[in-house]
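Descriptive structure summary
Next come the chains, spelled out residue by residue.
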Amino acid sequence: MATYQRQRYLLMTIDPVHIGTGGYRLGRVDNSIVREPGTCVPKIPGTSLHGAARSYAAQLYETPEAAAQSQDKVKNPDQNPVCYTFGYIKKTGNGNNVTAYSGVVNIFDAHVLLFPVYSMTGPVWVTTLGRLREAGFTVKQNGAVLATEPQTSTALLTWDRKDDLNLGWLMVNGAGKAEVTAPNGWQNEQRWQAVTNRIVLVNESLFSHVVNSNLEVRTSVAINPERGAAEEGALFTYEALPRATFLTTEVVLDDYREAFPKDKCGAGKTDKNNPLPGTPWHGPLDVVKAGLRMIEWLGVGGMGTRGFGRLTIVGKPLEQKYGEERSNEQQHPTQSGPAGSGVRAEHHQAHAG
Amino acid sequence: MTHDFYARFPFPLVAMTVQSLAVPWLAGETNRLPSDWPDLALLEDPVARFDILAQAMITKHLERARSGTRDQNGGYRFWVEQRAQAFFQQRRAWMQRLGLEPVLPDLTHVPPGSWALHVSFTLRQPYLSRDDQMFHLLDNPLKKERVFKVPYVAASGWKGALRSAMRQLRGHTTLDDEAKDTQMIRLFGNVRAAESDFVAGRLTFFPTFFDKARLEVINPHDRTTGVGARGPILLECVPQGAQGDFFVLYVPFGSAEQSDDDRRAEIADDLHAVVEGVRAMLTTYGFGAKTSSGFGTVEEQLAGEGKLVLHAKLAGETAPTVVPSASQPPNLPRYLESPTRLHPDLRREDGTLKSEAEYQRFIESQGRKYGKSDKQLYDKAKKWWEQGGQTQAQQTPTPAPEPAPPEPSPVTTFTFWTLSKLGDVAQRVASQLREGGAS
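Now for a look at the structure at hand. (Residues numbered from 1 in each chain as written. Chains lettered and ligands numbered in written order. Predicted model: local features only at pLDDT ≥ 70, side-chain atom pairs only at ≥ 80, totals over all residues. Heavy atoms only, no water.)

1. Overview of the overall build of chain A
- Scanning chain A from N- to C-terminus turns up seven helices and 20 strands.
- Considering chain A as a whole, with its 353 residues, one finds that 57% of them fall into the buried category.
- Of the contacts made within chain A by residues no fewer than 6 positions apart, 68% connect residues no fewer than 24 positions apart. (Helix = DSSP H or I, 4+ residues; strand = E, 2+ residues; numbered from the N terminus. Buried < 20%, exposed > 50% of the residue type's maximum accessible area, 1.4 Å probe, protein only. Contact = heavy atoms within 4.5 Å.)

Next comes the structure, spelled out in structure tokens:
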């Protein structure tokens, strides 16, 4: 039987992250970023993570051609763990026979979980009840599990403060104190603990406004090398998710082929028999993890070489195999949320590439 | 109730007397709240207070709010000189807990041929920049980190400064000149006007955070009368003597069809060129704003030990430094990899502490003798583990049998204390690289 396994990653931006829409749109900045259509909250598309992870994994395995648009230059794609993991097109007989293999991992969009905003008490991290639940966190108020969202103009805080609070330009009323508990695997992470007493829960309808009015907006100008002064008309603005934004994403393993080529990478060797940087790859999820880890150094999205796009993985991903309970997550006594109800059939038999 | 922050604290709309009492409170000069405006107490954070105080721009209190009175330092100047350092340090400690302060990358995780440079510098001349925030008491506030409000050099600023310094070193005056320089393109990516052949540079830059700020002042004079034309202009700066850390990472992405020798020669050339460029940028050309007036340069003598870390086999290195010592963030005990995680040498696959015998076997497997210092290190690690490190590490033991660990990649660290020494080190390493890594 094929193996289905799901990992939920908690990510944090260590640079501003700019995943551009790739063109000029009507907006308040020249280069705008990708947003979730329904909510207008910026996100990191799964395709970006997939592409970056594939490219970095291919470099690590010393077969950069495995990340190219076509895999024609890969000598033996069946034996390449990067091709196997992310999918490939195999051509035989002078390119007359084309077989496409879908990848065996699905990487989903990374959604904003905790968004940093400056307030009159310093930086706070804004989120909503739904987002926390979806990611496996527990929210309690006065010892009981919180069932309803705070009203639109109010906010629940995880520290003691009764007065009003501003989230950027917006003032909200304090609605009391809440306790947020992370899933077991993340509870003791230093990064989580650094923000756990600075969380603000707002109504979902407010969240998108708070996020969108507090994105990092930068202005850049190109310098003309001949004159050493600013280039005419080259001033442009762009927006980005700021540093210290927490996001969650899911990676689902759908190993329908059960033929991961682990001869070399499982023994910690690259294609050229050099030592594989990091830990050996025993399966497709290790390939994804190695690729995602590189994002911590080289980033995802636009303007990576000038200090944009780095994301770090916080703690270990929460794991769940199909039909089993999540390994290291807290159980919700009353509400399990869409994430706790077992793997949905998110099984895309799409073409590779 | 109003839902606008600025409308909630309408500085220009309160009575004149309340305004003049509010200024010293908002600037942190006094703890006495204006009794007619108790709501101000909600503003716990100094940056938020200055946000409100910025409304003084349209009142008579502007100069008072910026720099105090004729005989007494006050307002923003008082805060910057007396309080800002403690505030920035506290914020940077928080950023460190979140892992936001850059450290030298662990090169064992990046492809071979990569190298990284860490230069810990002292400013010889103040550094200037301009913030994107438009609403500020000053006309020229320093660029601050968006969330934590710490002054910094953005990575994009470093990249631009280095590219421009190298451009001038090489005498390029037009984009076309630069577009023909394959090494510049390899390092920094295609030039801006390029229509096609987009390429990303091999260099990656990191931000540099500071914990000091001061106000510089310039006073433009009227040409015809020779007296001050429009009063002093305040420029916020990071002062002379402040320390910062510059990092750059080089990852040789690119075609795999190249021969190993060519590739190594290319990496050596790049190392040499970048180090020359970094020296020129830091000491001659400067970084930040107003570099042509001499701002933004650093001392030849470094503030701390500089490091060049290289992931490659080197000729003449008998035993490559296997332990990636550079992977440890500063100020961590040697037995830790991160504040909650043991060093790879000391932990098992599942994250728990090795037994002493296991650790001894590990040391000996590397051809070293298990000496007194190794034992001391193990004892310290054990103590940490037993005193709560165990619960912090939170590793659920996984009994999965692991194959023998792969041969670690060679990562070598070179250190230096002055910028000219860095030049020497780079030259030596580059020539060793060119000679090849036949070991």
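2. Some thoughts on the sheet that holds strand β4 (residues 203-205) of chain B
Residues and elements named next belong to chain B.
- On the basis of which strands lie adjacent, the open sheet formed by five strands has the order β4-β8-β1-β9-β12 and antiparallel pairing. Single-partner strands in this sheet number two, and they are β4 and β12 (412-418). Within this sheet the neighbouring strands show an average axis-to-axis angle of 15°, counted without direction.
- Note: strand β1 (residues 115-122) against strand β8 (residues 243-250), eight bridges, orientation antiparallel. In the strand pairing of β8, F121 is matched with G244.
- On the sheet, helix α6 (residues 155-169) packs against β1, β4 and β8 and is oriented at approximately 135° with respect to β4. (Pairing = 2+ DSSP bridges. Axes fitted to C-alpha atoms, helices over the stretch in contact; angles between N-to-C directions.)

3. Things to note about helix α12 (residues 419-435) of chain B
All names here are of chain B.
- Its 17 residues place the ends of α12 25 Å apart at the C-alpha level, agreeing with the 24 Å of an ideal helix rising 1.5 Å per residue.
- Burial in α12 covers these residues: L419, L422, G423, V425, A426, V429, A430, Q432 and L433.
- Contacts made by the buried residues of α12 are with β1, α9 (260-285), β9 (301-310) and β12. (Expected span 1.5 Å × (residues − 1).)

4. Some points on the interface of chain A and chain B
- On the side of chain B, 70 residues touch chain A, which itself brings 74 residues to the contact.
- Here chain A and chain B share an interface that buries about 5,800 Å² over both sides, 59% of which is from carbon and sulfur atoms.
- In this assembly, chain A and chain B are joined by three salt bridges.
- Summed over the shared surface of chain A and chain B, the number is 13 residue pairs in polar contact (both at pLDDT 80 or more).
- The set of elements that each furnish at least two residues to the side of chain A that touches chain B consists of β1 (3-13), α1 (46-60), β8 (110-119), β9 (122-127), β14 (170-177), α5 (190-193), β17 (216-220) and α7 (284-298) of chain A. (Buried area = accessible area lost by both parts, 1.4 Å probe. Salt bridge = Lys/Arg side-chain N within 4 Å of Asp/Glu carboxyl O. Polar contact = N/O pair within 3.5 Å; in protein donor to acceptor, adjacent residues only side chain to side chain.)

5. Details of the sheet that holds strand β2 (residues 127-128) of chain B
Residue and element names in this part refer to chain B.
- Ordered by their spatial adjacency, three strands build an open sheet running β2-β7-β6, and the pairing between neighbours is antiparallel. Edge strands, defined here as strands with exactly one partner in the open sheet, are β2 and β6 (214-218).
- Across five bridges, the pairing between β6 and strand β7 (residues 233-238) is antiparallel. Within the sheet, the bridge partner assigned to I218 lies in β7 and is I233.
- Across the face of the sheet, helix α5 (residues 75-97) comes into contact with β6 and β7 while running at roughly 130° to β6.

6. Overview of unusual backbone geometry
Residue and element names in this part refer to chain A.
- Positive phi, close to 65°, is recorded for C40, a residue that is not glycine.
- Residue placement: C40 occurs in the loop between β3 (31-33) and β4 (43-44).
- In this structure, A244 takes a positive phi of about 70° despite not being glycine.
- Along the polypeptide, A244 turns up in the loop between β18 (236-240) and β19 (246-255).
- For A244, a relative accessible area of 0% corresponds to the buried category.

7. Things to note about the nonpolar core
- Judged by nonpolar contacts, the single largest core of 161 residues is most densely connected at A:L167, A:V200, A:W281, B:W115, B:L203 and B:F287.
- Once residues lying within four places of it in the same chain are set aside, the contact partners of B:W115 are B:L107, B:L203, B:V248, B:L249, B:Y250, B:I267, B:D270, B:L271, B:V274, B:L308, B:V309 and B:L310.
- Of all hydrophobic cores here, the second largest spans 36 residues; its members include A:L113, A:W186, B:L98 and B:F148. (Core = buried A, V, L, I, M, F, W, Y, C linked by side-chain atoms within 4.5 Å.)

The analysis is restricted to geometry; functional conclusions fall outside its scope.
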